[in-house]
Amino acid sequence: MTEPMTLGRALAGARKKLTEAGIGDAARDARLLVEAATGTGRLDAIARPDMPVDEAAAGRIEVCVARRAAGEPVHRILGGRSFHGLDLALNADTLEPRDDSEAMVGLALDLFRANPGGAATILDLGTGTGAIGLALLAEWPHARAHGVDIAKGAVEAAIANAANAGLAARFSASVSDWFAAVAGRYDLIVSNPPYIASGAIGALDREVREHDPRRALDGGGDGLDAYRIIAAGAAAHLAEGGVVAVETGFDQREAVTAIFTARGFDLRGSARDLGGRDRALAFRAANKPLGISGECV
Ligand SMILES: C[S@@+](CC[C@H](N)C(=O)[O-])C[C@H]1O[C@@H](n2cnc3c(N)ncnc32)[C@H](O)[C@@H]1O
């Protein structure tokens, strides 16, 4: 006779299957999938390991664990992930937000720290799930943001994520090829554009290569195409003293700085990711005072 399924047994079984499949953080992923399938929380496995798991939930666990064992990222299976404390839904058109992007959010917050309550306007180019623009809105209660993306599904996800976060009144989004359909000027332009060289995409981890959308990754021959377009168009869309901040690959600081410098911008600030690698750069038009904030070096 088979033993009845319990939370503790479900977790142990999921962990074993994922470990055998060579999944890096098998324990964490097993926990996330079992919690989602059973509607339990982090403490339940400790406090209630004998809690019965019904057949329907056991079936969901089996399917989800099989998908993870086959290499699908855990947050794709869950349909969303948390970024800067916001729950963001994913779809096939959206990059899964990475914790690395906290460097960009932190840099933008530093640049405008002298005026945290200010009515800044933000343009998020290549908004994806809306991660960066929404994180900034969550910090700045009087700011407004507009996100654009070439992918219609990303625009839809960003709008839905804004509503879910209670930020819909201050966030809008539309389809645009970078600045092509953008009107007006903004205090802050932020972007985490695609920055992987086309030829390097084949060498990315399978989970990234096969599950993040290609157009969220592919930065052209040298990975820098989007920076050239953003640097060329930023001045026409920045308010007086505005700042443009971009996320970069860890080895792109010099090349991206040269692109913006050639377009009349000065490097205004930079930030590193949790691993200490260069990850975000902020520029303002040369010889212009910073618009709505104080100094940042
Ligand atoms: C690296 S992802 C960043 C997504 C999101 N901002 C984040 O940080 O999670 C780059 C985004 O740029 C978008 N993108 C690519 N080419 C674009 C273009 N020509 N115009 C506008 N957005 C574009 C992609 O669809 C994708 O959502």
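Thresholds, definitions, all that
- Residues numbered from 1 in each chain as written.
- Predicted model: local features only at pLDDT ≥ 70, side-chain atom pairs only at ≥ 80, totals over all residues.
- Heavy atoms only, no water.
- Phe/Tyr/Trp six-rings, centres within 6.5 Å; stacked < 30°, edge-to-face > 60°.
- Buried < 20%, exposed > 50% of the residue type's maximum accessible area, 1.4 Å probe, protein only.
- Helix = DSSP H or I, 4+ residues; strand = E, 2+ residues; numbered from the N terminus.
- Axes fitted to C-alpha atoms, helices over the stretch in contact; angles between N-to-C directions.
- Parallel < 35°, antiparallel > 145°, perpendicular 65-115°, else oblique.
- Left-handed = near helix turned anticlockwise from the far one by under 90°.
- Contact = heavy atoms within 4.5 Å.
- Nonpolar A, V, L, I, M, F, W, Y, C, P; charged D, E, K, R; others polar.
- Near = heavy atom within 4 Å.
- Polar contact = N/O pair within 3.5 Å; in protein donor to acceptor, adjacent residues only side chain to side chain.
- Areas by Shrake-Rupley, 256 points an atom, 1.4 Å probe, with all protein chains shown as cover.
- Pairing = 2+ DSSP bridges.

For the structure shown, the criterion picks out two aromatic pairs. Between Phe260 and Phe265 the ring centres are 5.8 Å apart and the planes differ by 75 degrees, which places this aromatic pair in the edge-to-face class. Each member of the pair, Phe260 as well as Phe265, is classed as buried. Pairing Phe260 with Phe283 gives two aromatic rings, centres 4.3 Å apart and planes at 5 degrees, and the pair type is stacked. Taken together, the positions of Phe260 in helix α12 (residues 253–262) and Phe283 in strand β9 (residues 278–285) put the pair 23 residues apart, joining distant regions of the chain. Phe260 sits in the buried class, given a relative accessible area of 0%. Put simply, the rings of Phe260, Phe265 and Phe283 pair up and form one aromatic cluster.

With that settled, consider the packing of helix α6 (residues 102–111) against helix α7 (residues 131–139). Following both chains from N to C, one finds α6 and α7 inclined at 40 degrees, their axes separated by 10 Å at the closest point. As summarised for this structure, α6 and α7 are arranged oblique, according to the angle between their axes. Seen from above, α6 lies across α7 with right-handed handedness. Where α6 approaches α7, its residues Met104, Val105, Ala108 and Leu109 are matched on the opposing element by Ile132, Ala135, Leu136 and Glu139.

Another aspect to go through is the packing of helix α1 (residues 7–20) against helix α2 (residues 26–38). It is the contact of α1 with α2, at a shortest axis distance of 8 Å, that shows an interaxial angle of 135 degrees. In terms of axis orientation, α1 runs oblique to α2. In the packing of α1 onto α2, the handedness of the crossing is right-handed. The segment α1 lies against α2, with Leu7, Ala10, Leu11, Ala14, Arg15, Leu18 and Thr19 engaging Ala26, Ala27, Asp29, Ala30, Arg31, Val34 and Thr38. Of the residues in the contact of α1 with α2, the class split is nine nonpolar, two polar and three charged.

Relative to the elements of secondary structure, His75 occurs in helix α5 (residues 74–78). Excluding residues that lie within four positions of it along the chain, His75 makes contacts with Arg28, Leu32, Gly80, Arg81, Leu90 and Glu96.

With that settled, consider the site of the ligand. For the ligand, the set of nearby residues contains 17 residues, the closest of which are Gly126, Asp149, Asp177, Trp178 and Asn192. Within the side chain of Asp149, a nitrogen or oxygen atom sits 2.6 Å from an oxygen atom of the ligand. Protein coverage of the free-state accessible area of the ligand, which is 600 Å², stands at 95%.

With that out of the way, let us pick up unusual backbone geometry. The phi dihedral of His84 falls on the positive side, at around 50 degrees, and the residue is not glycine. Looking at the secondary structure, you find His84 in the loop between β1 (80–83) and β2 (86–89). Assessed through its relative accessible area of 23%, His84 is described here as partly exposed. For Trp178, which is not glycine, the phi dihedral falls at a positive 45 degrees.

The next point concerns the pairing of β1. The sheet contact formed by β1 and β2 spans four bridges and is antiparallel. Opposite Arg81, over in β2, you have Leu88 as the bridge partner.

Moving on: the pairing of strand β7 (residues 238–247). With eight of its 10 residues buried, β7 lies for the most part within the structure. Bridge count for strand β6 (residues 186–191) against β7 is five bridges, and the pairing is parallel. Each residue of the ladder has a partner; that of Ile189, found in β7, is Val244. With five bridges connecting them, β7 and β9 associate as antiparallel partners. Pairing of Glu247 across the sheet is with Ala280, part of β9.

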